[in-house]
Amino acid sequence: MMRDRSLPIVLVLCFLASPAPAEQTDPAGSVSYARDIAPILQRNCLACHRAGQAEGGLSLESRKAIDAGGDSGALLVAKQPESSLLYVRASDDDDPMPPEDNTVGAKRLTQAELSLLRTWIEQGAVIDDLSAEDVIQWQPIDDSVRNSYALAVSPDDRLIAVGHANRVELADAQTGTLRGTLVDADLSQAGVADFDVIQAIAFSPFGDRIATGGFRTVRIWKRQPIASEIPPALRHAVGPTAISPDRSALALVNAIGDVEIWQLASSEQRASIKSLGAVADLAWSHPQRLAVGYDHGDIGIHDARSGTLVARVKLDHAIECLAQSSESDFTAALGTDGQVRLFNNDQPHPSPALASIQDATAILFFGPGKLVVGTASGVAKTIDVVSGDIAVELDHGSAIESLAIDPPSKTLATGGQGGTTKLWNLEDGSLQRTLTGDIQSVLRIAALDQDVQREQAWVKTLEGKTDELKKLLENEQAALAKVNEAREKAAKEFDEKAKQRDDVAKQIAGSEQGIKDAQAKIDASNQAAADAEALIAKSKAEIESLKAELQPLEKQSAAALSQVELAQAKADEANRILAAAKQSAQEIAGQVEEKKTQLASVTKRSADADQALVKSKADATEAVKQLETTKAALAKQRESLAAVESEVQKKQADVAEREQALVTATKTRDKAAANIPAHQDSLRIRNNRLADLRHQHGALVQRQSHSAAIASIALDEATVTVVDVDGDVRTYQLADGKPLERHRLHQPFRGTESADAFFLDQDRMIINERNAPPQVFDRRYQWTLERTIGGVGSDLISDRVTTLDFRGDGQSIAIGSGIPSRQGQVLVVAVANGDVLRRFDDLHSDTVLCVRFSPDERLLATASADKTIRVLDVQTGGVVGALDGHTHHVLSLSWRRDGRLIASGSADGTIKTWDTETGQQKRTIGGFPDEVTAVEFLGDSTRVASSCADGQVRVHETNNGGSVAAASAAGDFLFTLGISAGGDRVFASGQTGGVHVWQTEGLKAVGKW
């Protein structure tokens, strides 16, 4: 079953003394909307009826929204529950609200809640505000509540900070030993860090601050050295001091120059030695013997119990410092002339080896009869005082100002003017390690190392990409040339086809004109034939008419001829008649001839018409044939035109496609061309950033290796403490030289280059110059509340602080919060003063559960209960990435150290990895039976460790998604995960409050704290 990472409701009710729950309010009494009704609606209705997600047009977030109602109308009718839609829907058994199959975990109102709702409406449905007595009254969280929702490992791997409910404990990261707690003394509950459960803890990059998140509040805690008072035994000291070998007694020089011997346990003075002059140094050989060296050259050896002078040595030189052997009666005196004189009891013990040293700066006995001498030439020499031989010479490299020894490990520490401290093996003279810098500079150098490596990798990638981009541009230019060539070819083919189309079109136009001409010719021939036929018909009619007219005339002509013949026969009468007849015959003959002429003409005309008719019909037949031929040619031409037109369209489409391809290829080429200067600019910025990082790194390394001269060194069984002339006190682990702490003395030295330093007890060290009061340095530190951001009564942070992350420089911190199911809030705040630098109130639609700065500090990734991840540009405040793909709350994020990959863990039971350059999901790692509550990359590797609600911790390889190892925290619901800075340990905690620890390799169990 998936669980919401928000605090379990049962636990929340234990933590808060909010107004009495609705079920406990007497329905018969006065019902308050703010106190009784609003919490019911917020728990069961607001997830679906709010601004931005007002289902049914209904929002219940504000008085105005409630008064407005929804799509179904008004929500409330004062004093009429049965007419109030809010009550009707909430009490409807057939169609209840909220529905049983809702996906936001809303529950149907109980009978008690319905009774309260009904009573409130009956009382007028007044929407009031909380009264002063109704605001949240925080109640103490019992010490037995140990649930852990947050855990963080310090960057120096020395501490883990674990939240247990509203308390924060600081434990030793190696042993689990409790080292302290974070306590806000202003809170009503003693010994706690917040009113509410701590859901977020973060160490600053340099480990000097811790941030914790509670309800609307972020607290910044700062590591401070513990101020230690001067012990009573030292209050008289104004010069050299020395502690007995068993640390039971302390010798000091008081203001008058006398030597006082004090019992440390009782803070009682047990002896006093009158001054013989200005004391240069004090040295114990064993708890009962003290040597006092005076600057005028005398040495007094006293019984430390009574102060009685046992022996006195007078030298011919001023004394710089003394050393006594704890295992013999040898005393060594270093003079201001740089020479060392050796005495056995009060008798000089000549040593050629010592006599050869003229620039001694420090002396120290170790073992039986062994003396170490430091020199201004930078060589430490170990001398057997019995034989006088120089056993070992150790080249420190600069003038030696201080010596210290750890007898059990036979380790010698040399401190020089160059600011370095070196540890040597006295048995073989080998250099074990060189101590430089402090924990802050080491962490800064380590961070710069990572930054330089990351930027180098980016520069290498970008440099490799330069050739790729150039090659890509060449390819795009070649592709563009091919596309242009193809376009020109297509255009040429299109022009050819268009010309062919135009030619066919012209042929068609000619054919169509020929058809028109043939049709006209046919029409003309037909008209000529019709005219000829009409003329023939007319001629025939005229011929018939002429023939009809000719027949009587011919008959008359015949009669006339007969008369002529008769008249011929009859003489005169006949002549007269003949003449008349002749005349008549001539007239008739003329008429006949005329008619014959007309007939011939008409006959000829008719013949001509017949010929014209034949010709017209022949012409018409020929024109018809020509027309059919032209039509057939036109049909073929049109078919050809259609085919050519189709080809033209294809070629035109091809040209258009080639044109588009050319546009695309040109844009691609232009983009490829533009990518090169943009890429070169990115490369320039990266190179500049790399150069700056290298400069910072080099400057810091140089500054670390050129510290102030070492004034004093003190060793105990586990640490080396170095004091330089500037008053800086640095502590290192003896075993490996790892820097631990850095403090600064309250009073700087007064120009001397040497001082005495010794441990008064396990934690306190005494440091003093020859002529100055001693200073007490306490190696312990405490965490004090430096600043509070927001607050319970402030509206700066909208709800519980669920996640925190310091930016890489430690100057700002990202805060994640948000009102569940309503909005996700992200703030970036200045650590120094709490000023809000960036604010994103509605970046997500649900609570923000994780914020993480990118390794280069430029980006901020945020994960939310709304199932999404957003990537912000810290400088511009813009969203530059949206990583969507999870199907449930995104609970955790982690950047790979090179900044190129993000891993996300989700309540959907998966880990996803994302390419930060492209924003694309690269891989999904599944197989988790429950929600993945936390995920972290392991150091510089590509592996991620994850914690799961099933109590398992797993390691996966992100390159292939393969499982590497798994381990169980049996019976625990794991909420949080931490990885040591070196990536060699995994810490996890959860519902039981115990801290489970595994070695990263194979997840081998280390223990449970």
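This one's a predicted model, so the numbers in the text were calculated from it and none came from an experiment.

The helix and strand tally for the protein chain stands at eight helices and 59 strands. Its C-alpha atoms give the protein chain a radius of gyration of 57 Å, more than 25% over the compact-globule value 30 Å for 1009 residues. When each of the 1009 residues of the protein chain is scored for burial, the buried share is 49%. Within the protein chain, residue pairs in contact and separated by at least 24 positions form 50% of the contacts whose partners lie at least 6 positions apart. Surface exposure of the protein chain reaches about 46200 Å², of which carbon and sulfur atoms provide 49%. Within the protein chain, the 141 negative side-chain charges are centred at a point lying 6 Å from the centre of the 109 positive side-chain charges.

The sheet built from four strands is open, its strands ordered β9-β10-β11-β39 with antiparallel pairing. Whereas interior strands pair on both sides, the edge strands pair on one side only; in this sheet they are β9 (200–203) and β39 (781–790). Sheet twist, expressed as the mean angle between neighbouring strand axes with direction ignored, is 20 degrees. Judged from the nine bridges that link them, strand β11 (residues 217–225) and β39 form a sheet pairing that is antiparallel. Counted as the bridge partner of proline 225 is tyrosine 781 from β39.

For the structure shown, the criterion picks out 49 salt bridges. Arginine 89 is the partner of aspartate 95 in a salt bridge, and the nearest nitrogen-oxygen pair spans 3.2 Å. Taking relative accessible area as the criterion, arginine 89 reaches 26% and is therefore assigned partly exposed. Here aspartate 884 and arginine 870 are joined by a salt bridge, their closest N and O atoms 2.9 Å apart.

Turning to the nonpolar core, a few remarks are in order. Residues Tyr33, Ile37, Leu41, Leu60, Leu117 and Trp120 are the most contacted members of the largest nonpolar core, which totals 22 residues. Listing elements by their share of this core, those giving two or more residues are α2 (33–44), α4 (85–91) and α5 (111–122). For this core, the element with the highest residue contribution is α5, accounting for five residues. Setting aside residues no more than four positions away along its own chain, isoleucine 37 makes contact with Val31, Ser32, Leu116, Leu117 and Trp120.

Here we take up the packing of α2 against α5. Orientation of α2 relative to α5, taken along the N-to-C sense of each, is 130 degrees, at an axis distance of 11 Å. Our classification of the angle between α2 and α5 gives oblique. Once α2 is placed against α5, the crossing between them reads as left-handed. When α2 is examined against α5, the residues Tyr33, Ile37, Ile40, Arg43 and Asn44 are found in contact with a partner set consisting of Glu113, Leu116, Leu117 and Trp120. Considering only residue class, the contact of α2 with α5 consists of six nonpolar, one polar and two charged.

On to the packing of aromatic side chains, then. Using the criterion set out here, one finds six aromatic pairs in the structure. Considering the side-chain rings of phenylalanine 203 and tryptophan 783, the 6.3 Å spacing of their centres and the 75 degrees angle between planes classify their relative orientation as edge-to-face. Taken as a pair, phenylalanine 203 in strand β9 and tryptophan 783 in strand β39 lie far apart in primary sequence, 580 residues in all. In this structure tryptophan 783 comes out as buried when scored by relative accessible area, which is 10%. A ring pair is formed by tyrosine 781 and tryptophan 783, whose centres lie 6.3 Å apart and whose planes are at 80 degrees; its orientation type is edge-to-face. An aromatic cluster of at least three residues, connected via ring pairs, comprises Tyr149, Phe973 and Phe975. Its end group placed over the ring of tyrosine 781, arginine 223 keeps NZ or CZ at 5.1 Å from the ring centre. Positioned above the aromatic ring of tryptophan 458, the side-chain terminus of arginine 686 is 4.6 Å from the ring centre.

Residue position: proline 739 is located in strand β35 (residues 739–744). Looking at proline 739, the relative accessible area reads 9%, which means it is buried. As for proline 739 and alanine 457, which are separated by 282 residues in sequence, their C-alpha atoms are 29 Å apart. When near neighbours in sequence (up to four residues on either side) are disregarded, proline 739 contacts Asp438, Ile439, Val442, Thr731 and Tyr732.

Let us look at empty space enclosed by the protein. The tally for this structure, following the rule as stated, stands at four cavities of 30 Å³ or more. A volume near 60 Å³ is recorded for the second largest cavity. What lines the second largest cavity is simply Trp138, Gln139, Pro140, Asn166, Leu187, Ser188, Gln189, Val192, Asp194 and Phe195. Residue composition of the lining of the second largest cavity, grouped by class: five nonpolar, four polar and one charged.

As a further point, take α2. Regarding α2, the residues found buried are Tyr33, Ala34, Asp36, Ile37, Ile40, Leu41 and Asn44. Where α2 is buried, its residues contact α3 (63–68), α4 and α5. Structurally, the start of α2 carries an N-cap: the backbone nitrogen of alanine 34 is 3.3 Å from a side-chain oxygen of serine 32.

Take the confidence of the model for the protein chain next. For the protein chain, per-residue confidence averages 86 on the pLDDT scale, and residues scoring 70 or more make up 92% of the total. Throughout residues 1–25 the model reports pLDDT below 50, and contacts reaching past four residues in sequence, or to other chains, amount to 60 contacts.

Here the focus is the side chain of serine 854. Among the secondary structure elements, serine 854 is positioned in the loop between β44 (848–853) and β45 (859–864). For serine 854, a relative accessible area of 4% translates into the label buried. In this structure the side chain of serine 854 is engaged in a polar contact, spanning 3.3 Å, whose partner is the backbone nitrogen of arginine 858. When sequence neighbours within four positions are dropped, the list of residues in contact with serine 854 reads Leu859 and Trp895.

The four strands are arranged β40-β41-β42-β43 in an open sheet whose pairing can be described as antiparallel. For this open sheet the edge positions go to β40 (803–806) and β43 (836–844), each flanked by a neighbour on one side alone. Pairwise comparison of adjacent strand axes, ignoring direction, gives a mean angle of 15 degrees for this sheet. By the bridge criterion, eight bridges tie strand β41 (residues 812–819) to strand β42 (residues 823–830) in an arrangement that is antiparallel. Residue pairing for β42: serine 812 is matched across the bridge by alanine 830.

Bringing the pairing of strand β31 (residues 431–435) into the picture now. Sheet analysis places strand β30 (residues 421–425) next to β31, joined by four bridges and oriented antiparallel. From the neighbouring strand, lysine 422 faces β31, where its bridge partner is threonine 434.

Note: strand β18 (residues 298–303) against strand β19 (residues 309–314), five bridges, orientation antiparallel. From the neighbouring strand, isoleucine 301 faces β19, where its bridge partner is alanine 311. The turn linking β18 back onto β19 is made up of five residues, and glycine 307 within it adopts a positive phi angle of 85 degrees.

It is worth spelling out α5 at this point. End to end, α5 covers 16 Å across 12 residues, agreeing with the expected 16 Å (1.5 Å per residue, within 8%). Among the residues making up α5, those that are buried are Glu113, Leu114, Leu116, Leu117, Thr119, Trp120 and Ile121. After α5 finishes, the residue glycine 124 shows a positive phi value of roughly 115 degrees.

What follows deals with the environment of glutamine 269. With respect to the helices and strands, the residue glutamine 269 is situated in strand β15 (residues 268–273). Linking glutamine 269 and isoleucine 902, residues 633 residues apart in sequence, is a C-alpha distance of 66 Å. Discounting chain neighbours no more than four positions away, the residues touching glutamine 269 are Glu260, Ile261 and Trp262.

The next thing to look at is the environment of arginine 870. Checked against the element boundaries, arginine 870 lands in strand β46 (residues 868–873). Since its relative accessible area comes to 17%, arginine 870 is described here as buried. Expressed as a C-alpha distance, the spacing of arginine 870 and tryptophan 998, which sit 128 residues apart in the sequence, is 32 Å. Beyond its immediate chain neighbours, meaning those up to four positions away, arginine 870 contacts Leu843, His844, Leu860, Ala861, Thr862, Val879, Gly881, Ala882, Leu883 and Asp884. Within polar-contact distance, the side chain of arginine 870 engages the side chain of aspartate 884 at 2.9 Å.

The step from methionine 97 to proline 98 runs through a cis peptide bond, and the omega angle for that step is -5 degrees. Here proline 98 shows up in the loop between α4 and α5. Positive phi, normally seen in glycine, also occurs at alanine 165, with a value near 60 degrees. Residue placement: alanine 165 occurs in the loop between β6 (159–164) and β7 (167–172). A relative accessible area of 1% places alanine 165 in the buried class. Residues other than glycine seldom take positive phi values, yet lysine 410 does so here, at roughly 50 degrees.

The rules behind these values
Residue positions are counted from 1 within each chain, in the order its sequence is given. Thresholds applied to this predicted model are a pLDDT of at least 70 for local features of residues and 80 or more for the giving and counting of side-chain atom pairs; totals over whole chains, interfaces and linings are not thresholded and use all residues. Excluding hydrogens and water, the side-chain figures rest on all heavy atoms present in the structure. Helical segments are the DSSP runs of H or I of at least four residues, strand segments are the runs of E of at least two, and each set is numbered from the N terminus. The globule rule used for comparison is 2.2 Å times the number of residues to the exponent 0.38, while the radius of gyration itself is calculated over C-alpha atoms. Think of it in three bands: residues with accessible area under 20% of the maximum for their type are buried, residues over 50% are exposed, and the middle band is partly exposed, with areas taken using a 1.4 Å probe on protein chains only. By definition, residues are in contact when any of their heavy atoms lie within 4.5 Å. Only the protein chains shown count as cover for residues, with accessible areas throughout obtained via the Shrake-Rupley method and a probe of 1.4 Å. Only four residue types enter the tally: Lys and Arg on the positive side, Asp and Glu on the negative side, with His and both chain ends excluded. Each charge is placed at NZ for Lys, CZ for Arg, CG for Asp and CD for Glu. Strand pairing is assigned whenever DSSP identifies at least 2 bridges connecting the two strands. To define axes, lines are fitted to C-alpha atoms, for helices over the stretch in contact only, and angles between the resulting N-to-C directions are given on a 0 to 180 degree scale. Whenever Lys or Arg places a side-chain nitrogen within 4 Å of a carboxyl oxygen from Asp or Glu, that contact is recorded as a salt bridge. Residues enter a nonpolar core if they are buried and are Ala, Val, Leu, Ile, Met, Phe, Trp, Tyr or Cys, with the set joined through side-chain atoms within 4.5 Å. Note on terminology: angles under 35 degrees are roughly parallel, angles over 145 are roughly antiparallel, angles of 65 to 115 are roughly perpendicular, and the others are oblique. Handedness of a helix crossing follows the sense of rotation of the near helix relative to the far helix, less than a right angle counterclockwise being left-handed and clockwise being right-handed. Only Asp, Glu, Lys and Arg are considered charged, only Ala, Val, Leu, Ile, Met, Phe, Trp, Tyr, Cys and Pro nonpolar, and every remaining residue, Gly among them, polar. Any two rings among Phe, Tyr and Trp, with Trp reduced to its six-membered ring, count as a pair given centres within 6.5 Å; such a pair is stacked if its planes are under 30 degrees apart, edge-to-face if over 60, and tilted if neither. We count a charge as sitting over a ring when the NZ of a lysine or the CZ of an arginine lies within 6 Å of the ring centre and within 35 degrees of the ring normal. Grid spacing is 1 Å over the protein atoms alone, the probe is 1.4 Å, and a cavity is where that probe fits but cannot get out, while a pocket is an open set with protein on both sides within 12 Å along at least five of seven lines and lining residues have an atom within 4 Å of a point. Grid points are joined across faces, edges and corners, and a volume is the space filled by probe spheres set on the points. Under this definition, polar contacts are N or O atom pairs within 3.5 Å; protein pairs additionally need one hydrogen-donor-capable and one acceptor-capable atom, and for neighbouring residues in sequence, both atoms have to be side-chain atoms. The pLDDT score gives, residue by residue, the confidence of the prediction method on a 0 to 100 scale. A helix is expected to span 1.5 Å for every residue after the first.

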